[in-house]
Amino acid sequence: MYHLRLKGGHYEMGVKRGKIFKKCQVFFPLQLDEFQLEHGKRSEEALRKYFPEVYEEIRGVSDTMGADYLHFASWMLCMGCCMYNLENNIPVEIRGCTAFAYAKGGRILYGRNNDLPPYLREGSKSESYAPENGNRFHIMTSSFSNGEEGLNEHGLAVAMTFVMTELGKIQAGFNSCFIVRYLLEKADNTEQAISLLMELPIASNCNILLADRSGDMAVVECTPSMKEIRDAESFENGRIICTVNSFTSDEMKRYDDAKGNDYDSQKRYQVVMDSFVSGLIKEDYIETTIQLLSGNYGFMCQYDNEPDFETVWSSIFDLESLVVYHAEGDPRKNKFIMNRWL
């Protein structure tokens, strides 16, 4: 996993990243079909309208690498949405992930397993941003300039989980990883993040988890045509919100196109919820959260029988202290390392 710190103007941050890519001789498979090119071009218009800063950053990368900006941006906007031919024409995108946040004993913690094909492990990144005119934040990503999860200087955690969408339902807009980046940089708390999210055009199905240091937490279940806010559930002495690779609310289940092919989403969701209801998450909150993510309380990361699929990293965020903990790889085999990123 790469570790990078970026600060300053967005174009300059993009140039810095582009220079690193060139130095490391990193190249990208910009193989898009007609559908993807059209989706990317239309989505880029939305990205530039709502988030011109990240447009400048991507342009800094593409200019430095000598790549066509629009083709490059289109490729990024198809990820986590309609990149069904990524890595030698994989027929459909496969992404797992379990994310949750909870308030208990005066602590507000967030946890996640990021489950992906293993070829994405080497390119995954842990990055700290200090952009001009924006929030400072830490972000975890299997891509760049966007991310699957993050924590900003105000104690706001934002995370996505992938939900399958039929190609005919996909619309121009933000993919889930650019939503995460946008909210980390623009929002100070859960209420503000929800307000900003409600205004964004959404490209495909996804869940966006939000939690802040006050204990306000929710999941927004998103489709290209509607959004549904799901509140945290109470248990003895606390509250918990969890999201996986399906929609949980009854109103949104009919929009989930995975048809059960979602790497045991419901089993992972139930393990998280049962761990809190049964009292397994105890006063040593970091350690018991590690135990949960490591599968010691039930199925979470045990993809041993799944070919080409694994937990590529695990994270825990303390929303009050802003300390993050990362395990690079399967949490059953790798230690969680503390990172005081701010």
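Note that the coordinates shown come from a computational prediction; the quantities given were computed from them, not determined experimentally.

Novice: Report on the overall build of the protein chain, specifying residues and quantitative values.
Specialist: A count of helices and strands for the protein chain gives 9 helices and 15 strands. With the C-alpha coordinates aligned to their principal axes, the bounding extent of the protein chain is approximately 55 × 40 × 40 Å. By the burial criterion, 60% of the 342 residues in the protein chain qualify as buried. Restricting the contact set of the protein chain to residue pairs at least 6 apart, pairs at least 24 apart contribute 65%. Carbon and sulfur atoms form 47% of the exposed surface of the protein chain, whose accessible area is close to 13800 Å². Averaging the locations of the 36 positively and 50 negatively charged side chains of the protein chain gives two centres separated by 4 Å.

Novice: Can you lay out helix 8 (residues 265-277) for me, pointing to particular residues and giving the numbers?
Specialist: Between its first and last C-alpha, helix 8 extends 19 Å over 13 residues, near the 18 Å set by a 1.5 Å rise per residue. Ser-265, Arg-268, Tyr-269, Val-271, Val-272, Met-273, Ser-275 and Phe-276 are the residues of helix 8 that are buried. On its buried face, helix 8 is in contact with strand 2 (98-104), strand 3 (107-116), strand 10 (227-231), strand 11 (233-235), strand 12 (238-243) and helix 9 (285-293). Following helix 8 by one or two positions, Gly-279 adopts a phi angle in the positive range, close to 85°.

Novice: Which residues make up the sheet that holds strand 13 (residues 310-318), and what values go with them?
Specialist: Strand order in the open sheet formed by 7 strands is 11-12-2-3-13-14-15, with antiparallel pairing between adjacent strands. The open sheet terminates on both sides in strands that have one partner only, identified here as strand 11 and strand 15 (337-339). With strand direction ignored, the average angle separating the axes of adjacent strands in the sheet is 20°. Note that strand 11 and strand 12 share 3 bridges and pair antiparallel. Bridge pairing in strand 12 links Ser-234 to Arg-239. Together, strand 2, strand 3, strand 11 and strand 12 form the strand contacts of helix 8, whose direction differs from that of strand 12 by roughly 175°. Lying on the sheet, helix 9 is in contact with strand 2, strand 3, strand 13 and strand 14 (324-328); it crosses strand 3 at an angle near 25°.

Novice: Give a description of the sheet that holds strand 7 (residues 157-162) that names residues and reports values.
Specialist: Strand order across the open sheet formed by 8 strands is 1-4-5-6-7-8-9-10, with mixed pairing between neighbours. The sheet is open, and its two borders are formed by strand 1 (2-8) and strand 10, each paired with just one other strand. On average, each strand axis in the sheet is tilted by 15° relative to the strand beside it, whichever way the strands run. The pairing of strand 7 with strand 8 (residues 206-211) spans 6 bridges and is classified as antiparallel. When the bridges of strand 8 are listed, Val-158 appears paired with Leu-210. Contacts between helix 7 (residues 190-199) and the sheet are confined to strand 8, strand 9 (217-222) and strand 10, with strand 9 contributing the most and set at about 10° to the helix.

Novice: So what about the pattern of salt bridges? Which residues, and what values?
Specialist: Pairing is possible between side chains of opposite charge, provided their charged atoms come close. Within this structure, the stated rule accounts for 17 salt bridges. If you follow the salt bridges from partner to partner, you end up with Glu-56, Arg-59 and Asp-63 in one network.

Novice: So what's going on with the environment of Phe-28? Residues and values would help.
Specialist: Mapped onto the secondary structure, Phe-28 falls in the loop between helix 1 (10-23) and helix 2 (34-50). On the basis of relative accessible area, Phe-28 is assigned to the partly exposed category, the value being 22%. Note: C-alpha distance between Phe-28 and Ala-211 (183 residues apart in sequence) is 34 Å. Aside from chain neighbours lying at most four places away, what touches Phe-28 is Phe-21, Met-65, Phe-72, Trp-75 and Phe-144.

About the thresholds
- Residues numbered from 1 in each chain as written.
- Predicted model: local features only at pLDDT ≥ 70, side-chain atom pairs only at ≥ 80, totals over all residues.
- Heavy atoms only, no water.
- Helix = DSSP H or I, 4+ residues; strand = E, 2+ residues; numbered from the N terminus.
- Buried < 20%, exposed > 50% of the residue type's maximum accessible area, 1.4 Å probe, protein only.
- Contact = heavy atoms within 4.5 Å.
- Areas by Shrake-Rupley, 256 points an atom, 1.4 Å probe, with all protein chains shown as cover.
- Lys, Arg positive; Asp, Glu negative; His and termini not counted.
- Charge placed at Lys NZ, Arg CZ, Asp CG, Glu CD.
- Expected span 1.5 Å × (residues − 1).
- Pairing = 2+ DSSP bridges.
- Axes fitted to C-alpha atoms, helices over the stretch in contact; angles between N-to-C directions.
- Salt bridge = Lys/Arg side-chain N within 4 Å of Asp/Glu carboxyl O.

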